[in-house]
Amino acid sequence: PKESDFQLVEEETPQLKDGEILVESIFNSVDPYMRAHVSEHKEGTTMIGEGCGRVIESKCPSYPVGTIVMNQYGWRTHVVLDAKNQNPMSPIRKAPEDYPKDLPLSLLLGAVGMPGMTAYFGLLKLCEPKEGETVFVNGAAGAVGSLVGQIAKIKGCRVVGAAGSDDKVAWLKELGFDAAFNYKTVSSLDAALKEAAPNGIDCYFDNVGGDFSFTVLNHMNQFGRVAICGCISTYNDKEPAKGPYPFMTILGKQLTVRGFLVNRWLDEWPEGLAQMVQWIKEGKIKYREHVTEGFENMPKAFIGLFAGENTGKAVVK
């Protein structure tokens, strides 16, 4: 995508009806998945995405003025939401009442929000890491990948990560990754994986897809588990990628390969969010944020994701 693909439009917010709330956005999220789904929408549609905002007018007693909420309301500075008739797959979530005042609200779009739950449930439910096993994650310095690695370390695993710059690799090692490499500068991904994971990989958390993932599968151990979270390497492809078929590798290694959307565990999010807050307070989970100032810079922040400009979660304030 390029900045000229986007247009900033002003519009009047409608008068509130019974059960509605007016939210002023504080932070808006930019995430790679938006690129994959934007083609489903017609030109002129409000760009999709999650935001964190404050209720500034309310006709719903459950959401009084001042309430901090998160919702998939798209790229907007202000939005009217129907709090009485909510979409169960995109509910209006309130900030936890006990959310620590010393944590930034932007984390509600990151480690204590959708990316955090993606890492938490995707790793623990699908990969089911066991103490002493090797976990590999690509896109490891991103919003999700950096959390996957740290959760795996908490669970007693050996953790290997791949990222796209030397600075990002250095940060992964600060986080406690046992091994990490810059996939852009290694002479061979195959050789890098052999060196970083000499005993093979038991759990693979995939954010990248494409040829990269086919190479990783060759390093999986018998009965390994793969959680497919994203395919950022293919999101900008104009035609479907044509690569080697992985099925014989999956068969021969008896792998379990599962894709997922994090909303499947929506009912369990409160448990996961509480655990992430606890780990952050205990210093077991560290985070970084890439904050872009100014709503008008949403397209720039979004495009930057695909150039690897962010370390950690990218948000717009």
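Please read these numbers as outputs of a predicted model, since none were measured by experiment. (Residues numbered from 1 in each chain as written. Predicted model: local features only at pLDDT ≥ 70, side-chain atom pairs only at ≥ 80, totals over all residues. Heavy atoms only, no water.)

Visitor: Any chance you could break down the overall build of the protein for me, citing the residues and the numbers?
Guide: For the protein, the helix and strand inventory stands at nine helices and 13 strands. For a compact globule of 317 residues, the expected C-alpha radius of gyration is about 20 Å, and the protein comes in at 20 Å, within 12% of that figure. Here the C-alpha coordinates of the protein stretch approximately 60 × 45 × 35 Å along the principal axes. Put simply, the protein has 317 residues, and 49% of those count as buried. (Helix = DSSP H or I, 4+ residues; strand = E, 2+ residues; numbered from the N terminus. Rg over C-alpha atoms; globule rule 2.2 N^0.38 Å. Buried < 20%, exposed > 50% of the residue type's maximum accessible area, 1.4 Å probe, protein only.)

Visitor: So what's going on with the pairing of strand β6 (residues 134–138)? Which residues, and what values?
Guide: Regular strands place side chains that alternate from one sheet face to the opposite one. Counting buried positions along β6 yields five of five residues, so the element is predominantly enclosed. Tracing the backbone out of β6, into helix α3 (residues 145–154) and back to the parallel element strand β7 (residues 158–163) gives a crossover that is right-handed. Of the pairings in the sheet, the one linking β6 to strand β9 (residues 201–206) comprises three bridges and is parallel in character. Bridge assignment links V137 to a residue of β9, and that residue is F205. (Right-handed = clockwise from strand over helix to strand, strands pointing away. Pairing = 2+ DSSP bridges.)

Visitor: I'd like to hear about helix α8 (residues 269–281), residue by residue, with values.
Guide: For α8, which comprises 13 residues, the first-to-last C-alpha distance of 18 Å matches the rise-based estimate of 18 Å (1.5 Å per residue) to within 8%. Within the span of α8, buried status applies to W269, G272, L273, M276, V277, W279 and I280. The arc that holds the buried residues of α8, viewed along the axis, is 165°, so those residues lie on one side. With its phi angle positive at about 80°, G283 sits one or two positions after the end of α8. (Expected span 1.5 Å × (residues − 1). Arc of directions from axis to C-beta.)

Visitor: If you had to explain the sheet that holds strand β11 (residues 256–259) to someone new, which residues and values would you point to?
Guide: Here six strands make up an open sheet; going across it, the order is β8-β7-β6-β9-β10-β11 and the pairing parallel. Either end of the sheet is taken by a strand with one partner, and the two such strands are β8 (179–182) and β11. Each strand axis lies, on average, 15° off the axis of its neighbour in the sheet, ignoring direction. Taken together, the four bridges between strand β10 (residues 220–228) and β11 define a ladder with parallel strand orientation. When the sheet's bridge partners are listed, A227 is paired in β11 with R258. Packing of helix α2 (residues 114–127) onto the sheet brings it into contact with β6, β9, β10 and β11, and relative to β9 it is tilted by some 145°. (Axes fitted to C-alpha atoms, helices over the stretch in contact; angles between N-to-C directions. Contact = heavy atoms within 4.5 Å.)

Visitor: Which residues make up unusual backbone geometry, and what values go with them?
Guide: The phi dihedral of E128 is positive, around 45°, even though this residue is not glycine. In this structure E128 comes out as partly exposed when scored by relative accessible area, which is 42%. Although it is not a glycine, Q254 adopts a positive phi angle of roughly 55°.

Visitor: Report on the side chain of S25, specifying residues and quantitative values.
Guide: With respect to the helices and strands, the residue S25 is situated in strand β1 (residues 20–29). S25 sits in the buried class, given a relative accessible area of 17%. A distance of 2.6 Å separates polar atoms of two side chains, one belonging to S25 and the other to Y73. The contacts of S25, once residues within four sequence positions are left out, are C52, G53, Y73, R76 and T77. (Polar contact = N/O pair within 3.5 Å; in protein donor to acceptor, adjacent residues only side chain to side chain.)

Visitor: Got a sec to walk through the environment of S58? Specific residues and values, please.
Guide: Tracing the sequence through the fold places S58 in strand β2 (residues 51–58). Separated by 22 residues in the primary sequence, S58 and V80 place their C-alpha atoms 9.5 Å from one another. Setting aside anything within four residues of it in sequence, one finds S58 in contact with L16, E20, I21, Y63, P64 and V65. Within the structure, the side chain of S58 is placed 2.9 Å from the backbone oxygen of C60, a separation counted as a polar contact. A distance of 2.8 Å separates a polar atom in the side chain of S58 from the backbone oxygen of Y63.

Visitor: Which residues make up the pattern of salt bridges, and what are the values?
Guide: One pass over the full model with this rule turns up eleven salt bridges. When the shortest N-O distance is used, the salt bridge between D178 and K153 registers 2.9 Å. Residue D178 is found in the loop between α4 (166–174) and β8, and its partner K153 is found in helix α3; the two are separated by 25 residues along the sequence. The partner of E282 in a salt bridge is K284, with the nearest N and O atoms 3.4 Å apart. By relative accessible area, which is 41% here, E282 ends up partly exposed. (Salt bridge = Lys/Arg side-chain N within 4 Å of Asp/Glu carboxyl O.)

Visitor: Account for the pairing of β10, naming residues and giving values.
Guide: Direction of pairing for β9 relative to β10: parallel, over a ladder of five bridges. In the sheet register, F205 faces β10, and the bridge partner there is A227. Each parallel crossover has a hand, and for β10 linked through helix α7 (residues 247–252) to β11 it is right-handed.

Visitor: Give a detailed account of the nonpolar core, specifying residues and quantitative values.
Guide: Counting residues in each nonpolar core, the largest one holds 54 residues, and the members touching the most others are L172 and W269. The element contributing the most residues to this core is α2, with eight residues. Ignoring any residue separated from it by four or fewer positions in sequence, one finds L172 in contact with A140, A141, G161, A163, F177 and A180. Core analysis: the second largest hydrophobic core is formed by 19 residues, A192, L193, M220 and V226 among them. (Core = buried A, V, L, I, M, F, W, Y, C linked by side-chain atoms within 4.5 Å.)

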